[in-house]
Amino acid sequence: MPEPAPEPARQPFAYAIIRVIPRVERGESMNAGIVLFCRPRQFLGACVTLVEARLRALDPDCDPTEVRGHLATIERIAAGDPAGGPIAALTQAERYHWLVAPSSTIIQPSEAHTGLTADPAATLDHLFATLVMAPGASPGGGTAPGGGTAPGAGSSPGGGSAPGAGSAPGGGMAPGAGSAPGGGMAPGGGTAPGAGSSPGGGTAPGGGTAPPLSADTIG
């Protein structure tokens, strides 16, 4: 019997939760997406959605069309789609840094969290389902969950321990937390050569608790 092929080695990754805060002065938010960056696998991807019922509960007057447009731009930038504007032409690391830079607009990233994965795309989908989508919820007309492909993305990650309920997945600073070469229509801070005006700047309320994860080790 031939020996089974060894499982792909797990590689470090960093991610942030994308939050919608329709009334910044109140600080009430809803999770609307995940941005994940795995440098060793050359992977940068984003999954976003907008559950309009949850948005209306926070602010009935917030325009969901405008919010969906900003969320779609995040996906385009992560994918390197030219439709995402000048930021989409930057390197993966620069795009990730820009996407997770602190912001004080209605679209804000959490602080960055870190972990290990053998399959960044599968981990992105898992985090999106676990941290963004409520059980049985429908996206309600938001942007379709997206991601990206990366050369050498391995097989689906195996089991592993995960933080228990009530603990935040991650801690400390990961690549991209802090200033970044930002600008354009998605959340960000700072300016980048050739970038347009940015709604970014300020500090984003990050963190909070998260449900227990069941795939990969989230540090």
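Reading the values: the criteria
Residues numbered from 1 in each chain as written. Predicted model: local features only at pLDDT ≥ 70, side-chain atom pairs only at ≥ 80, totals over all residues. Heavy atoms only, no water. Helix = DSSP H or I, 4+ residues; strand = E, 2+ residues; numbered from the N terminus. Buried < 20%, exposed > 50% of the residue type's maximum accessible area, 1.4 Å probe, protein only. Contact = heavy atoms within 4.5 Å. Areas by Shrake-Rupley, 256 points an atom, 1.4 Å probe, with all protein chains shown as cover. Pairing = 2+ DSSP bridges. Lys, Arg positive; Asp, Glu negative; His and termini not counted. Salt bridge = Lys/Arg side-chain N within 4 Å of Asp/Glu carboxyl O. Polar contact = N/O pair within 3.5 Å; in protein donor to acceptor, adjacent residues only side chain to side chain. Core = buried A, V, L, I, M, F, W, Y, C linked by side-chain atoms within 4.5 Å. Expected span 1.5 Å × (residues − 1).

Attention now goes to the overall build of the protein chain. In terms of regular secondary structure, the protein chain is built from four helices and six strands. Along its sequence from the N terminus, the protein chain presents helices and strands in the succession β-β-β-α-α-α-β-β-α-β. Residue burial in the protein chain is summarised as follows: out of 219 residues, 45% are buried. Contacts spanning at least 24 positions in sequence make up 74% of the contacts within the protein chain whose residues lie at least 6 apart. Carbon and sulfur atoms form 56% of the exposed surface of the protein chain, whose accessible area is close to 9,500 Å².

Moving on: the pairing of strand β2 (residues 30-38). In terms of burial, β2 is a largely internal element, nine of the nine residues being buried. Of the pairings in the sheet, the one linking strand β1 (residues 11-20) to β2 comprises seven bridges and is antiparallel in character. Bridge pairing links Tyr-15 to Leu-36 in β2. Relative to strand β3 (residues 43-48), β2 is paired through six bridges, and the arrangement is antiparallel. Its bridge partner lying in β3, Cys-38 is registered against Phe-43. Turn length for the β2-β3 hairpin, with the two strands adjacent in sequence and antiparallel, is four residues, and the turn residue Gln-42 shows positive phi of about 55°.

Counting through the fold element by element, Arg-19 comes out in strand β1. Buried Arg-19, no salt bridge; nearest opposite-charge side chain is Glu-111, N-O distance 4.8 Å. Within the local environment of Arg-19, its side chain forms a polar contact with the side chain of Asn-31, the two groups lying 3.3 Å apart.

Our focus in this paragraph is the pairing of β1. Burial analysis of β1 places eight of its 10 residues in the buried class, the great majority of the element. Summarising the sheet, β1 and strand β4 (residues 107-109) pair through three bridges and their orientation is antiparallel. Residue pairing for β4: Ile-18 is matched across the bridge by Pro-109.

Here the focus is unusual backbone geometry. Its identity as a non-glycine residue notwithstanding, Gln-42 has a phi of 55°, on the positive side. Relative to the assigned elements, Gln-42 resides in the loop between β2 and β3. The exposure class assigned to Gln-42 is partly exposed, which follows from its relative accessible area of 48%.

Looking now at the nonpolar core. By size, the foremost hydrophobic cluster in this structure holds 28 residues, and its most contacted members are Val-35, Val-67, Leu-71, Ile-74 and Tyr-96. Mapped onto this core, the elements with two or more residues apiece are β1, β2, β3, α2 (64-79) and α3 (92-99). With five residues, the top contributor of residues to this core is α2. Setting aside anything within four residues of it in sequence, one finds Val-67 in contact with Val-20, Leu-50, Leu-55, Cys-62, Ile-106 and Ile-107. By size, the runner-up hydrophobic cluster in this structure holds 14 residues, among which are Phe-13, Leu-124, Leu-127 and Phe-128.

Turning next to the pattern of salt bridges. Evaluation of the coordinates by the stated rule reveals four salt bridges. Measuring nitrogen to oxygen at the nearest pair gives 3.1 Å for the salt bridge that ties Arg-26 to Glu-28. For Arg-26, a relative accessible area of 48% translates into the label partly exposed. Across the salt bridge formed by Glu-52 and Arg-56, the nearest N and O atoms sit 3.7 Å from each other. Here Glu-52 and its partner Arg-56 are both found in helix α1 (residues 52-58), four residues apart, which amounts to about one turn of the helix. By sharing partners, the salt bridges in this structure join Glu-52, Arg-56 and Arg-68 into a single network.

Moving on, we get to α2. With 16 residues, α2 extends 23 Å between its outermost C-alpha atoms, agreeing within 8% with the 22 Å of an ideal straight helix rising 1.5 Å per residue. Regarding α2, the residues found buried are Val-67, Arg-68, His-70, Leu-71, Ala-72, Thr-73, Ile-74, Glu-75, Ile-77 and Ala-78. Buried residues belonging to α2 abut β1, β2, β3, α1, α3 and β4. Capping the start of α2 is the job of one residue whose side-chain oxygen sits 3.1 Å from the backbone nitrogen of Thr-65: Asp-63. Following α2 by one or two positions, Gly-80 has its phi on the positive side, about 75°.

It is worth stressing that arrangement in space is one thing and function is another; only the former is reported here.
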